[in-house]
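Chain by chain, the residues run as shown.
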Amino acid sequence: MAIFNKIVLCATTTQLIAGVWRLGNLQSSHEFSSDPKGYEAFVRFLAQHDNTRLYMLVDAVEEDYQQDYLPHTRGSARREMLARKLNHGYRNATFKAAHFIERQKDKRKDDRFIYVALTKSDFLQPWMQAIAAQRMPLAGVYLLSMMSELLLQRMKLKAPHILLSERLNSGLRQTYFHHGRLLISRSAPVSPAMQERMAYFYLAETEKTRLYLISQRLVMRDTPIKMVLADVDETSRQICRNISQEQNLECVSEDLKVLAKSLGLNPALLTRHPELMHMHLLATGELPVNLAPASYTKHYQVGNVARAIHLASVLTLLGGFVAATYIGQQAAQTLQQTREAGQETRMQEQKYREVAKNFPQTPIPSTDLRAAVETSRQLESYRQTPEVAMQALSEVLQAQPDMQIHRMRWLNTPDITIRDDKTEGVSAAPAQTVPTDAQLSDTSQLHQLVFVEGEVAGFNGDYRAALVRVNQLAEKLRSLPQVAWVEVLQEPVNVSSYSRLQGSTTDAVSAVSMAADFKLKFILRPTEGAP
């Protein structure tokens, strides 16, 4: 499937190498010459791998590297600053980029960048046109020298100054690293005359690179540089010894076949195409900085959006399936538990019926017992005592000790218009008034109704004073918070049929035998929770 495949290309001025990777393993490699036949074969190759992601490596002499320091910025400000710098330095270059190296540790803490560009890309255009014609998703264009930094990391070589020399089909490439970071790289073609004098060629090109580093003030004349020769044959060891003797440099030889085997790449393929090592690192490792403008990678970006949508759809479908499975399992468990509970209930009912057969017969039906219990509970809720009424009456009598109580009747009734049935020795009482309070008029609840009979002690015949005392008693009852309503049913007046309209001071003796009787009625406020 194309989604699991990658095609890595490596373009030089004379040829194009193409490798197909699937899940990190090289499946096949192809070589196309830079001529019309090679371009046609490349188009047919792309047609066989439709919609497969492409990664283009470039190995050319026309490369430029410039080091620069910029104020530390982020986001759009950094992008705009780098775009201005690149357009100013490489106005006519199509493929260019800025590679971040590090942030300085001085007071300003500037950002250190390397500007890289292909100053001449005519040899690359036929391949790019074929890719655009097939609408292939091109991820980017990368310099092969940028992959040398990752190659150095895989070799696990560390030194402040390293010069990596690689023998490729395009020639000898030498890349300078400062503390593992690439600063410059140059490629020198190998002429046919130099094929038999490779040792001298290495020495000459190494001296040129060293002088260039000194001229760019990247190293001093006495700076110790570690030379690393990465090759696939045994001649690199002898060349390394010659360089150590002639240039007085520390030189080590690294066999790329051993490294290729550890990375899962067939070492035999490096004999013909050493660039496959860099292509394999690109297919399985991190991507370096991309030199291609957005117009070349638009199909890749659209493909990324489509893949993201497809992935989101698959994850949503998978999540729905998992959720449906979980809910189905929960429903099945609930149904099983319901069935088990039903079976357990039926078993308990069967056991109860078997035990109930031995129960003794009750003389009273269970329905009557239930009604009796409910009636008892209702009567219990209606239980009231005259304690509150007696407390209220006692509180007002403490302020009026001359009021003597002969009789008190307490009722708990929904009818507040009920009359006192004890009328012996009492004159006909006037018609009772009815409270207008809606709470007291509610016949759905019980009210504490109290009748009080008494007399004014020490009465000397002054009915007016006795009437005042009775009214004071009634007012004090009304002022109590637990009393809702008070009415004077009988006032202390002279009701004797023997009294005359005229009299004198000699009548005082007969007045002593008279009594100032009174009768009150008051209703207590309903208590909270009362029925």
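Conventions and cut-offs
Residues numbered from 1 in each chain as written. Predicted model: local features only at pLDDT ≥ 70, side-chain atom pairs only at ≥ 80, totals over all residues. Heavy atoms only, no water. pLDDT = per-residue confidence, 0-100. Contact = heavy atoms within 4.5 Å. Patch = residues over 30% accessible without salt bridge, like charges linked within 9 Å, V, L, I, M, F, W, Y side chains within 5 Å. Areas by Shrake-Rupley, 256 points an atom, 1.4 Å probe, with all protein chains shown as cover. Salt bridge = Lys/Arg side-chain N within 4 Å of Asp/Glu carboxyl O. Helix = DSSP H or I, 4+ residues; strand = E, 2+ residues; numbered from the N terminus. Buried < 20%, exposed > 50% of the residue type's maximum accessible area, 1.4 Å probe, protein only. Pairing = 2+ DSSP bridges. Axes fitted to C-alpha atoms, helices over the stretch in contact; angles between N-to-C directions. Polar contact = N/O pair within 3.5 Å; in protein donor to acceptor, adjacent residues only side chain to side chain. Parallel < 35°, antiparallel > 145°, perpendicular 65-115°, else oblique. Nonpolar A, V, L, I, M, F, W, Y, C, P; charged D, E, K, R; others polar.

### Overview of the confidence of the model for the chain
The pLDDT averaged across the chain works out to 85; a share of 91% of its residues lies at or above 70. Scored below 50 in pLDDT, residues 423-429 makes three contacts in the model with residues more than four places away or belonging to other chains.

### Things to note about a nonpolar patch on the surface
Judged by side-chain polarity, L311, L315, L318, F321 and V322 come together as a nonpolar surface patch covering roughly 510 Å² of accessible area. Following the sequence through the fold, V322 ends up in helix α9 (residues 298-356).

### So, the pattern of salt bridges
The final tally for this structure, using the stated rule, is 18 salt bridges. Across the pair R78 and D111 runs a salt bridge, and its minimum N-O distance is 2.9 Å. Here R78, found in helix α2 (residues 75-89), pairs with D111, found in strand β7 (residues 111-118); they are 33 residues apart in sequence, far enough to count as distant. Here D111 falls in the buried class, since its relative accessible area comes to 1%.

### Details of the sheet that holds β7
One open sheet accounts for three strands, arranged β5-β7-β6; its pairing is antiparallel. Each end of this open sheet is capped by a strand with a single partner; those strands are β5 (63-70) and β6 (96-103). Direction aside, neighbouring strands of the sheet carry axes that sit 25 degrees apart on average. Sheet analysis places β6 next to β7, joined by seven bridges and oriented antiparallel. Bridge pairing in β7 links A98 to Y115.

### Here's the deal with the side chain of R409
Checked against the element boundaries, R409 lands in strand β14 (residues 403-413). Of the polar contacts made by the side chain of R409, one reaches the side chain of D420; its length is 3.0 Å.

### Overview of the packing of helix α4 (residues 144-155) against helix α8 (residues 276-284)
At a closest axis distance of 9 Å, the pairing of α4 and α8 adopts a crossing angle of 80 degrees. Between α4 and α8, the angle falls in the class roughly perpendicular. For the pair α4 and α8, the contacting residues are L144, M147, S148, L150, L151 and R154 in the first and M277, H278, L281 and L282 in the second. Considering only residue class, the contact of α4 with α8 consists of seven nonpolar, two polar and one charged.

### Observations regarding the sheet that holds strand β10 (residues 171-178)
One open sheet holds the five strands; their spatial order is β11-β10-β9-β12-β13, and the pairing between them is mixed. Strand pairing shows two members of the sheet lacking a second neighbour, β11 (181-188) and β13 (250-255), which therefore form its edges. Across the sheet, the mean angle from the axis of one strand to that of its neighbour is 20 degrees, orientation sign disregarded. With eight bridges connecting them, strand β9 (residues 161-168) and β10 associate as antiparallel partners. Across the sheet, residue H161 finds its bridge partner in β10, namely H178. Running over the sheet, α4 touches β9, β10, β11, β12 (226-231) and β13 and is turned about 65 degrees from β10. Contacting β9, β10, β11 and β12, helix α5 (residues 198-215) crosses the sheet at an angle of about 35 degrees to β10.

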